[in-house]
Amino acid sequence: MTTRYEKTNQSAPKPVNEQAVIRNMSLVSLIGNTVLSGFKLFAGIVGNSGAMISDSIHSFSDVFTTLVAFIGVKVSKRDADNAHPYGHERLECVASLLLGFVLMLTGIGVGKAGVDNIISGNYGKLMVPGAIALVAAVVSIVVKEAMYWYTRYYAKLINSAAFLADAWHHRSDALSSVGSLTGIAGAMLGFPVLDSVASVVICLFIVKIAYDISKDALVKMLDTSCGEEYEKNLREYILKQEDVRSVDMLHSRMFGNRVYIDLEISVDGDKSLRDAHEVAERVHRNVEQQFSDVKHIMIHVNPADSSVN
């Protein structure tokens, strides 16, 4: 006997207004990045800093990635339909993949100019950055770190992989500004090549975060198991449920930011179909309440030997 249940958006408790959270995060990111990247570009040009210009390009990419995250999350929140009976959660993973790809290209572009300056060997011809570039680096670190914590908090609140990726993009920008600050300060102290070295360091930060974001998105798109620890905890919880004799099979898979479970349990073989169904229904209900990330659970009931306790 197989019983299928699906957890719908309507049945899940909504402690926050998700649409308002998504809208506010997007506005904060778009406005903040547009203003900040414009200021950093101005400071990089006026202050003759290649590192700050590279940093401003990184910030400009945040505007695009936030738009991608916003569209991806909005689409993923749509209810299931005839064409997509399991929902649209994986579209958020697609958005995260796009974010990772853009970050990777941004990082490579940022590092190329710095490498060219370093291998040229003409360090004496490199321009010394002005004080405005140093100020821009400090402002960027403070603003981007604040945006990271703001976006991270609300992304976790609504369990959004795309906006969590966007939060890490803010963090990567803050880290790149630390590299800019170090390079600009070193160049002002008489080592102009450090401005180019900072560009390369920024590149490495960006590429690493792009890799992590892309890897996480791919894992969630490939029906990857939730892991041994998750399944162990779930199995132990189910075994504690009334009338469950054993857990014969348990498979988990990630579907975007939600979890699907395929489960086989054994109950007393002498129970009526109606009673066995009630056991499966109770297990489903309790698992859904205890494990809030479970969206769908398929339960198959096997008859156990009634003589075995």
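Just above sits the structure.
Structure report, in brief. Quick caveat, the model's predicted, so the values are computed rather than measured.

## So, the overall build of the protein
Right, so step 1: Scanning the protein from terminus to terminus reveals eight helices and four strands.
Right, so step 2: A burial count over the protein gives 45% of its 309 residues as buried.
Right, so step 3: Accessible area of the protein: about 15,000 Å², with a carbon and sulfur share of 63%.

## Some words on a nonpolar patch on the surface
Right, so step 1: Taken together, the side chains of Phe39, Phe42, Ile45, Val46, Val135, Val138, Val139, Val142 and Val143 make up a nonpolar region of the molecular surface, amounting to roughly 730 Å² of accessible area.
Right, so step 2: For the nonpolar patch, the secondary-structure elements that each account for two or more residues are helix H1 (18–46) and helix H4 (131–157).
Right, so step 3: By residue number, the principal contributor to the nonpolar patch is H4, which donates five residues.
Right, so step 4: With respect to the element layout, Val135 can be found in helix H4.
Right, so step 5: Judged by relative accessible area, which is 45%, Val135 ranks as partly exposed.

## Overview of the environment of Lys271
Right, so step 1: Mapped onto the elements of the fold, Lys271 is located in the loop between strand E3 (258–268) and helix H8 (273–290).
Right, so step 2: Separated by 32 residues in sequence, Lys271 and Pro303 have C-alpha atoms that sit 8.5 Å apart.
Right, so step 3: Setting aside anything within four residues of it in sequence, one finds Lys271 in contact with Asp243, Ala276 and Val279.

## Description of the pairing of E3
Right, so step 1: Among the 11 residues in E3, eight count as buried, and that is most of the element.
Right, so step 2: Across nine bridges, strand E2 (residues 246–255) lies against E3 in antiparallel orientation. The residue bridging His251 from the neighbouring strand is Asp262, located in E3.
Right, so step 3: The pairing of E3 with strand E4 (residues 294–304) spans 10 bridges and is classified as parallel. Bridge pairing in E4 links Val259 to Val294.
Right, so step 4: Note on the crossover from E3 through H8 to E4: the handedness is right-handed.

Thresholds applied
Residues numbered from 1 in each chain as written. Predicted model: local features only at pLDDT ≥ 70, side-chain atom pairs only at ≥ 80, totals over all residues. Heavy atoms only, no water. Helix = DSSP H or I, 4+ residues; strand = E, 2+ residues; numbered from the N terminus. Buried < 20%, exposed > 50% of the residue type's maximum accessible area, 1.4 Å probe, protein only. Areas by Shrake-Rupley, 256 points an atom, 1.4 Å probe, with all protein chains shown as cover. Patch = residues over 30% accessible without salt bridge, like charges linked within 9 Å, V, L, I, M, F, W, Y side chains within 5 Å. Salt bridge = Lys/Arg side-chain N within 4 Å of Asp/Glu carboxyl O. Contact = heavy atoms within 4.5 Å. Pairing = 2+ DSSP bridges. Right-handed = clockwise from strand over helix to strand, strands pointing away.

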